[in-house]
Amino acid sequence: MKIELKKWSLDDKKSLSEVCSRVDRTYLSNRLPSPYTEDSAAWWLNMACEQEGHSGIFRSINVDGKIVGNISVEQKSDVYQKDAEIGYLLTTENWSRGIMTEAVRQICDIAFAKLDIIRITALVYEPNTASRKVLLKNQFVLEGIMKRAVWKDGHIYDLCVYGRLKDPL
Ligand SMILES: CC(C)(COP(=O)(O)OP(=O)(O)OC[C@H]1O[C@@H](n2cnc3c(N)ncnc32)[C@H](O)[C@@H]1OP(=O)(O)O)[C@@H](O)C(=O)NCCC(=O)NCCS
């Protein structure tokens, strides 16, 4: 299995909308539009292509040449500008094959090399065990838990704050 990250292109509207329409949203924020249309994809691709390499790294996840997911590291602003937030999603049929563990490994290397940041933050809802495992396998450390910080579809979740430093202490 060949796992590659590729820069998004404005031509990827169809692939991105297919992936985002099929993804499990249980532990995702409402930033992901629902339903996810080609217009939603166009908005993301324009933003990604504009910010790529300056204030963010935006990649499609390709397995044996097919786009199966989305991953990004977005730099924050103001006093948080040396920090960036990672986000990712994968189509359900590809879960538990080690794909996101490898994608996170690759994008962290790129983000630390290309962005002016000293840490990457990941925010994960407490029951999202698969995502928490992905982070732990990539040198992220659980720095704290914000109690009852998330309200999603009628459920309240604790929010786990993970961090990975560019130069570990
Ligand atoms: C979270 C997500 C990205 C994980 O991707 P993945 O490619 O399946 O992850 P990996 O296979 O690299 O590793 C996941 C690990 O969790 C395990 N796992 C998968 N589903 C699990 C579950 N429901 N409960 C417990 N463990 C689980 C896998 O077996 C694997 O374990 P291992 O480390 O012992 O091998 C994927 O499930 C997803 O896209 N979820 C929906 C979107 C999402 O939640 N994004 C993250 C928001 S913070």
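Residues numbered from 1 in each chain as written. Predicted model: local features only at pLDDT ≥ 70, side-chain atom pairs only at ≥ 80, totals over all residues. Heavy atoms only, no water.

Let's shift gears to the UniProt feature "domain: N-acetyltransferase" (unreviewed entry) in the protein chain. In this structure's numbering, the residues bearing the UniProt feature "domain: N-acetyltransferase" (unreviewed entry) are residues 3-163. Secondary structure over residues 3-163 splits into 30% helix and 37% strand, and the C-alpha atoms at its two ends are 24 Å apart. (UniProt positions renumbered as here; feature names shortened; annotations may be inferred. Helix = DSSP H or I, 4+ residues; strand = E, 2+ residues; numbered from the N terminus.)

So, on to the pairing of strand β6 (residues 141-152). Where β6 meets strand β7 (residues 155-165), eight bridges bridge the pair, whose relative direction is antiparallel. Residue pairing across strands places Gly 144 opposite Val 161, the latter belonging to β7. Between the end of β6 and the start of β7, which pair antiparallel, lie two residues, with Asp 153 showing a positive phi angle near 50°. (Pairing = 2+ DSSP bridges.)

Turning our attention to the packing of aromatic side chains. All chains considered together, the criterion is met by five aromatic pairs. Seen in terms of ring centroids, Tyr 27 and Tyr 125 are 6.4 Å apart; in terms of plane orientation they differ by 90°. Their pairing is edge-to-face. Taken together, the positions of Tyr 27 in the loop between α1 (13-22) and α2 (38-51) and Tyr 125 in strand β5 (residues 119-125) put the pair 98 residues apart, joining distant regions of the chain. Taking relative accessible area as the criterion, Tyr 125 reaches 8% and is therefore assigned buried. (Phe/Tyr/Trp six-rings, centres within 6.5 Å; stacked < 30°, edge-to-face > 60°. Buried < 20%, exposed > 50% of the residue type's maximum accessible area, 1.4 Å probe, protein only.)

We now examine the side chain of Glu 74. With respect to the helices, strands and loops of the structure, Glu 74 is situated in strand β3 (residues 66-75). Here Glu 74 falls in the buried class, since its relative accessible area comes to 17%. At 2.9 Å, the side chain of Glu 74 and the side chain of Arg 31 are in polar contact. Residues within four places of Glu 74 in sequence aside, it is in contact with Arg 31, Trp 44, Met 47, Ser 55, Gly 56, Phe 58, Ala 84 and Glu 85. (Polar contact = N/O pair within 3.5 Å; in protein donor to acceptor, adjacent residues only side chain to side chain. Contact = heavy atoms within 4.5 Å.)

So, on to helix α3 (residues 99-114). Helix length check: α3 (16 residues) gives 23 Å between terminal C-alpha atoms against 22 Å at 1.5 Å per residue, within 8%. Within α3, the full set of buried residues consists of Ile 99, Met 100, Thr 101, Ala 103, Val 104, Gln 106, Ile 107, Cys 108, Ala 111 and Phe 112. (Expected span 1.5 Å × (residues − 1).)

Let us look at the site of the ligand. Of all residues adjacent to the ligand, which total 20 residues, the nearest are Tyr 88, Ser 96, Gly 98, Thr 101 and Lys 137. Within the backbone of Arg 97, one N or O atom sits 3.4 Å away from an oxygen atom of the ligand. A distance of 2.9 Å is found between an oxygen atom of the ligand and a backbone nitrogen or oxygen belonging to Met 100. Summarising the interface, the protein chains cover 74% of the accessible area of the ligand, which totals 950 Å² for the free molecule. Here the ligand occupies the largest pocket. Contributions of two or more residues to the shell around the ligand are made by β4 (83-90), α3 and α4 (129-136). (Near = heavy atom within 4 Å. Areas by Shrake-Rupley, 256 points an atom, 1.4 Å probe, with all protein chains shown as cover. 1 Å grid on protein atoms, 1.4 Å probe; cavity = no way out; pocket = protein on both sides within 12 Å on 5 of 7 lines; lining within 4 Å. Sits in = over half its atoms within 2 Å of the grid points.)

With that out of the way, let us pick up the layout of surface pockets. Empty space within the largest pocket amounts to approximately 1300 Å³. Lining of the largest pocket is provided by 44 residues; of these, Tyr 27, Leu 28, Gly 87, Tyr 88 and Leu 89 occupy positions nearest its centre. Secondary-structure elements contributing two or more residues to the lining of the largest pocket are α2, β3, β4, α3, β5 and α4. For the lining of the largest pocket, the leading source of residues is β4, giving six residues. For the lining of the largest pocket, the per-class residue count stands at 25 nonpolar, 12 polar and seven charged. (Points joined across faces, edges and corners; volume = space filled by probe spheres on them. Nonpolar A, V, L, I, M, F, W, Y, C, P; charged D, E, K, R; others polar.)

Among the structural elements, Thr 91 can be located in the loop between β4 and α3. In terms of polar contacts, Thr 91 uses its side chain to reach the side chain of Asn 94, at 2.9 Å. In contact with Thr 91, not counting residues within four places along its chain, are Val 19, Arg 22 and Val 68.

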